[in-house]
Amino acid sequence: AVIRLLERVELFLYRRAACVVTVTEAFKQDLVRRGIPSSKIEVVTNGVDLTRFVPRAKDRKLEQRFDLDGAFTVGYIGTHGMAHALETLLECASQLQSVADARRVEFLFLGDGARKAELMQQADTLQLRNVRFIDTVAKDEVASYWALLDAAIIHLKRDDNFRQVIPSKLFECMGMGLPVLHGVEGESAEIVRKHDVGIVFRAEDPEQLGNAIRRIAGDPALHARLAQNARAAAPNYDRRALAARMRSI
């Protein structure tokens, strides 16, 4: 009853507003289905601060500290929460650890969240030697850790609710010129495909993720193309341009 009451308040506010701004096209379509005129809904996505997130060389000291020299490093940077199903990444790491490939693959996890301790315990149980957990770092240091990666993993549980969201770290990856291994269905996957900035894999499917990692690690031309496309696509999501659009709306 409380939720129904709040939804009536929500829809009343939408109807009375001169304009409604959503951060995804999917959210706009949801409001249209609920009776809000399409003509007064604008979409302004999240974006990236291109003064901070730009391609940069790997920090050799950080690389040596985490024993990543010579490895193909993939990583997840962000919240280690219930929505992210990061056990999928650990299962993938376990599978790849037992495979003899031309290039050693290392997994880096940076961040904190409700499930971090559980994930670290799982990595311990699986005896994963190819996984590094790093605590949250200061905001101005994050880009240095993105730069350690050869490819970034973005992942959410396989749930219809997440088909409507666009993880903002996708835009940071573009700014950094990082190929993306994208395990989120829906609108964000279409952005990855549209700009050809990564490989989309089925969420919660460690085998598909592993195949994507091995493909990109074993094909320097593919890696270079995706990285170049990411850099080229980033200006489409420059926060300064998006702020100007928001101001004009």
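Read on for an overview of the structure. (Residues numbered from 1 in each chain as written. Predicted model: local features only at pLDDT ≥ 70, side-chain atom pairs only at ≥ 80, totals over all residues. Heavy atoms only, no water.)

### Quick notes on the overall build of the protein
Then, number 1: A tally of helices and strands in the protein yields eleven helices and eight strands.
Then, number 2: Relative to a compact globule of 249 residues, whose C-alpha radius of gyration would be 18 Å, the protein shows 20 Å and is just as compact.
Then, number 3: Projected onto the principal axes, the alpha-carbon positions of the protein cover approximately 60 × 40 × 30 Å.
Then, number 4: Across the 249 residues in the protein, those meeting the buried criterion constitute 48%.
Then, number 5: Within the protein, counting contacts between residues at least 6 apart in sequence, those at least 24 apart form 71% of the total.
Then, number 6: Taken as a whole, the protein presents about 12,800 Å² of accessible surface, with 50% of it coming from carbon and sulfur.
Then, number 7: Positive and negative side-chain charges in the protein, numbering 36 and 33 respectively, have mean positions lying 5 Å apart. (Helix = DSSP H or I, 4+ residues; strand = E, 2+ residues; numbered from the N terminus. Rg over C-alpha atoms; globule rule 2.2 N^0.38 Å. Buried < 20%, exposed > 50% of the residue type's maximum accessible area, 1.4 Å probe, protein only. Contact = heavy atoms within 4.5 Å. Areas by Shrake-Rupley, 256 points an atom, 1.4 Å probe, with all protein chains shown as cover. Lys, Arg positive; Asp, Glu negative; His and termini not counted. Charge placed at Lys NZ, Arg CZ, Asp CG, Glu CD.)

### Here we look at the packing of helix α7 (residues 169-176) against helix α8 (residues 187-195)
What describes two packed helices is the angle between their axes and the distance between those same axes.
Then, number 1: For the pair α7 and α8, the least separation of the axes is 11 Å and the interaxial angle reads 20 degrees. Classified by the interaxial angle, the pair formed by α7 and α8 is roughly parallel. Handedness of the α7/α8 crossing: right-handed. In contact with Leu170, Phe171 and Met174 of α7, α8 contributes Ser188, Ile191, Val192 and His195. (Axes fitted to C-alpha atoms, helices over the stretch in contact; angles between N-to-C directions. Parallel < 35°, antiparallel > 145°, perpendicular 65-115°, else oblique. Left-handed = near helix turned anticlockwise from the far one by under 90°.)

### A few points about a nonpolar patch on the surface
Then, number 1: A cluster of nonpolar side chains, Leu5, Val9, Phe12 and Leu13, forms an exposed patch at the surface whose accessible area comes to about 360 Å².
Then, number 2: For Leu13, a relative accessible area of 52% corresponds to the exposed category. (Patch = residues over 30% accessible without salt bridge, like charges linked within 9 Å, V, L, I, M, F, W, Y side chains within 5 Å. Salt bridge = Lys/Arg side-chain N within 4 Å of Asp/Glu carboxyl O.)

### A closer look at the packing of aromatic side chains
Then, number 1: Counting across every chain of the model gives three aromatic pairs.
Then, number 2: A ring pair is formed by Phe66 and Tyr145, whose centres lie 6.3 Å apart and whose planes are at 55 degrees; its orientation type is tilted. Of this pair, Phe66 sits in the loop between α3 (60-65) and β3 (72-77) while Tyr145 sits in helix α6 (residues 142-146), and the two are 79 residues apart along the sequence. The burial state of Phe66 is the same as that of Tyr145; both residues are buried.
Then, number 3: Aromatic side chains Phe171 and Tyr237 sit 4.7 Å apart centroid to centroid with 25 degrees between the ring planes, which places their arrangement in the stacked category. With Phe171 in helix α7 and Tyr237 in the loop between α10 (220-233) and α11 (239-248), the pair connects residues that are 66 residues apart, well separated along the chain.
Then, number 4: By relative accessible area, Phe171 is classed as buried at 0%. (Phe/Tyr/Trp six-rings, centres within 6.5 Å; stacked < 30°, edge-to-face > 60°.)

### Comments concerning the side chain of Asp205
Then, number 1: Following the sequence through the fold, Asp205 ends up in the loop between β8 (198-200) and α9 (206-217).
Then, number 2: Buried within the structure, Asp205 lacks any salt-bridge partner; Arg202 is the closest side chain of opposite charge, at an N-O distance of 4.6 Å.
Then, number 3: At 3.0 Å, the side chain of Asp205 and the backbone nitrogen of Gln208 are in polar contact. (Polar contact = N/O pair within 3.5 Å; in protein donor to acceptor, adjacent residues only side chain to side chain.)

### Some points on helix α5 (residues 116-125)
An α-helix turns once every 3.6 residues. As a result, residues three or four positions apart point the same way.
Then, number 1: Within the span of α5, buried status applies to Lys116, Leu119 and Ala123. Buried residues of α5, seen end-on, are gathered within an arc of 60 degrees and therefore sit on one face of the element. When the buried face of α5 is taken as reference, the exposed residues oriented beyond 90 degrees from it are Ala117, Asp124 and Thr125.
Then, number 2: As for α5, its buried residues are in contact with α4 (87-97) and β5 (131-134). (Arc of directions from axis to C-beta.)

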